[in-house]
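# Observations on the three-dimensional arrangement
Here are the chains, one letter per residue:
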Amino acid sequence: MQPVNVPLGARSYAIHIGKGPLARVGQECRKLALGRRCAVISDRNVAPIYSPAVLQSLRAAGFEPHLIVVPAGETAKCLKNVQACYDQLASHRLERQSFIVALGGGVVGDLAGFVAATYLRGVAFVQMPTTLLAQVDSSVGGKVGVNLPAGKNLVGAFHQPRLVLCDLNAFGTLPEREFRAGLAEVIKYGIIYDAPFFVRLERDLGKLLRRETRCLGEVVARCCEIKTEVVGQDETESGLRAILNFGHTVGHALEAISRYGQYLHGEAIAIGQVAAARLSAAQLGLPAADVERIRLLFHQCGLPTSVRLTPAQRTKLLAAMRLDKKVSDGEIKFVLAECLGKVRWGQAVPAALLHSVVDHLSPNS
Ligand code: ADP
Ligand code: ZN
């Protein structure tokens, strides 16, 4: 499959998507004129499965890789683990020409990317995303960072990778729930940017859920293309890039009030996107039939589309939305859809409407 090129002038890079690029990482890195020494950062679940082939490929290509294993899960994305990585990089004497390979899901990508952005004021970075979510979302765009006890992604940087290798074979070991959660970001691209792609997802959902490689490869590539186009027009998030946050205001708030335990990110934004679709119907006239198509597609992916909230939790949810990073001047701004494939950002929503949509998030209303 043709790589997706991310045109960023001197910092342009390629996203290779296919079966097995993980075991060819050494050859690909050889083309980039990087130093010999490198570190592969991975987590405790992914490292045992995939790091042997990656290390072997790097060694065969003449590199000197060191493996750094961090704990798995969102809580691993913290400054303590950043520090632990720095210490190991220093002890292995990584230098300015050295590079860091992130092997894992979004957590590893964000953490290793942040380490790469800051160690010695920045070293080269190669992404090998192993979850669907990371392949279609977090590995494109250059945002890296970690969480603080006060909130998610509060410390970070923009640091573009030199290369991204999306290995479709990695889905072979990905837990079902993680895979389905990734589909929530995939569907988002159809809603915000590409109506024919949304229709394709409706049509090919069976193939996707069976993880048919060919179909998945095309879908991952299209998502990477869309994210690249959006980010390329707005690298530092002043305008257009905001459309990638469709469904995320409610989604992030749900994650925050459930203390990041109950929902995976993809599950929270599935609920958030259904809420955003309902707001869109009221504010921008998104047809009711399309709101239902959106809800149904998430539902058919086995993703939640409703949530039972107590009155106290509703109040907390609304408060959490006001704390979202994207809030400016105290007013919550939403990304809303005019029709499938076309959204507008920076949309204010009357408080009464927002309350009513939140009230109707529960399954029976
Ligand atoms: P995300 O990519 O959704 O941000 P994480 O980085 O937390 O999420 O990865 C989700 C979970 O799946 C973690 O426990 C991680 O160790 C595990 N994981 C990631 N990729 C794979 C894979 N290809 N096979 C098996 N488990 C994986
Ligand atoms: Zn997201």
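How each quantity is defined
Residues numbered from 1 in each chain as written. Chains lettered and ligands numbered in written order. Predicted model: local features only at pLDDT ≥ 70, side-chain atom pairs only at ≥ 80, totals over all residues. Heavy atoms only, no water. Donors = N, O, S within 2.8 Å, 3.2 Å for Na, K, Ca; no water. Helix = DSSP H or I, 4+ residues; strand = E, 2+ residues; numbered from the N terminus. Buried < 20%, exposed > 50% of the residue type's maximum accessible area, 1.4 Å probe, protein only. Core = buried A, V, L, I, M, F, W, Y, C linked by side-chain atoms within 4.5 Å. Domains from an automatic or database assignment. Expected span 1.5 Å × (residues − 1). Bend = angle between axes of the 7 residues up to and from the residue. Contact = heavy atoms within 4.5 Å. Buried area = accessible area lost by both parts, 1.4 Å probe. Phe/Tyr/Trp six-rings, centres within 6.5 Å; stacked < 30°, edge-to-face > 60°. Lys NZ or Arg CZ within 6 Å of the ring centre and 35° of its normal. Axes fitted to C-alpha atoms, helices over the stretch in contact; angles between N-to-C directions. Parallel < 35°, antiparallel > 145°, perpendicular 65-115°, else oblique. Left-handed = near helix turned anticlockwise from the far one by under 90°. Nonpolar A, V, L, I, M, F, W, Y, C, P; charged D, E, K, R; others polar. Pairing = 2+ DSSP bridges.

### Section: the coordination of the zinc ion (ligand 2)
The protein atoms that coordinate the zinc ion (ligand 2) are E185 (OE), H248 (NE2) and H265 (NE2), at distances of 1.9 to 2.1 Å. Linear spacing of the donor residues for the zinc ion (ligand 2) on their chain is E-x62-H-x16-H. With E185 in helix α6 (residues 176-193) and H265 in helix α10 (residues 265-284), this pair connects stretches of sequence that are 80 residues apart. H265 shares its class with E185; the two are buried.

### Points about the nonpolar core
Counting 56 residues, the largest nonpolar core has I15, I17, V186, I191 and F298 as its most contacted members. If one sorts the elements of this core by residue count, helix α8 (residues 213-232) sits on top with 10 residues. Residues from two domains meet in this core; each of domain 1 (4-173) and domain 2 (176-359) gives at least three. Y263, I271, M321 and I332 belong to the second largest nonpolar core, which has 24 residues in total.

### As for helix α2 (residues 46-60)
With 15 residues, α2 should cover 21 Å at 1.5 Å per step; its first-to-last C-alpha distance of 21 Å lies within 8% of that length. Helix geometry: α2 is bent most strongly at P52, by close to 30°. Tucked into the core, α2 has its buried residues touching α1 (25-30), β3 (37-43), β4 (64-70), β5 (99-104) and β6 (124-129). Looking one or two residues beyond α2, the residue adopting positive phi is G62, at roughly 95°.

### Points about helix α4 (residues 106-118)
In a regular helix each residue adds 1.5 Å, so 13 residues correspond to 18 Å; α4 covers 18 Å between its end C-alpha atoms and thus fits that length. Taking burial as the measure, the 13 residues of α4 include 12 buried ones, the bulk of the element. G106, V107, V108, G109, D110, L111, A112, G113, F114, V115, A116 and A117 are the residues of α4 that are buried. Note on α4: the residue one or two positions beyond its end, L120, has a positive phi of about 50°.

### Considerations on the domain arrangement of the protein chain
Often, the extent of an interface is quoted as the loss of accessible area on bringing the components together. What the domain assignment reports for the protein chain is domain 1 (4-173) and domain 2 (176-359). Distance between the C-alpha centres of domain 1 and domain 2: 27 Å. At the junction of the two partners, domain 1 supplies 24 residues and domain 2 supplies 28 residues. For the pair domain 1 and domain 2, the summed buried surface comes to about 2,300 Å²; carbon and sulfur atoms form 68% of the total. Area buried by domain 1 at its contact with domain 2 is led by L132, V136 and K152, which between them contribute 26% of it.

### Let's talk about the packing of aromatic side chains
By the definition in use, this model includes 3 aromatic pairs. The interplanar angle of 80° and the centroid separation of 5.2 Å between the aromatic rings of F63 and F99 together place this pair among those described as edge-to-face. Of this pair, F63 sits in the loop between α2 and β4 while F99 sits in strand β5, placing them 36 residues apart in sequence. Of the two residues, F63 and F99, both sit in the buried class. In this structure, K188 is placed above the aromatic ring of Y189, and the distance from its NZ or CZ to the ring centre is 5.2 Å. We note R211 situated over the ring of F179; from NZ or CZ to the ring centre the distance is 4.4 Å.

### Remarks on the packing of helix α3 (residues 79-91) against α4
At a minimum axis separation of 10 Å, α3 and α4 run at an interaxial angle of 55°. If you check the angle between α3 and α4, you find them oblique. As α3 packs across α4, the resulting crossing turns out to be right-handed. Contacts between α3 and α4 involve L79, N81, V82, C85, Y86 and L89 on the former and, on the latter, L111, F114, V115 and T118. Grouping the amino acids of the contact of α3 with α4 by side-chain chemistry returns 8 nonpolar, 2 polar and no charged.

### Overview of the pairing of strand β10 (residues 333-339)
Relative to strand β11 (residues 342-348), β10 runs antiparallel, the two sharing 5 bridges. By the bridge assignment, K333 is partnered in β11 with A348. In this structure, the hairpin formed by β10 and β11 is closed by a connection of 2 residues, where G341 is found at a positive phi of approximately 95°.

### Focus on the sheet that holds β3
Judged by pairing direction, the sheet is mixed, and its 7 strands sit side by side in the order β1-β2-β9-β6-β5-β3-β4 without closing on themselves. The sheet is open, and its two borders are formed by β1 (4-6) and β4, each paired with just one other strand. For this sheet, the mean angle separating the axes of adjacent strands, direction not counted, is 15°. Relative to strand β2 (residues 13-18), β1 runs antiparallel, the two being bridged by 3 bridges. Across the sheet, residue V6 finds its bridge partner in β2, namely Y13. Packing against the sheet, α4 makes contact with β3, β4, β5 and β6, and its axis sits at approximately 170° to β5.

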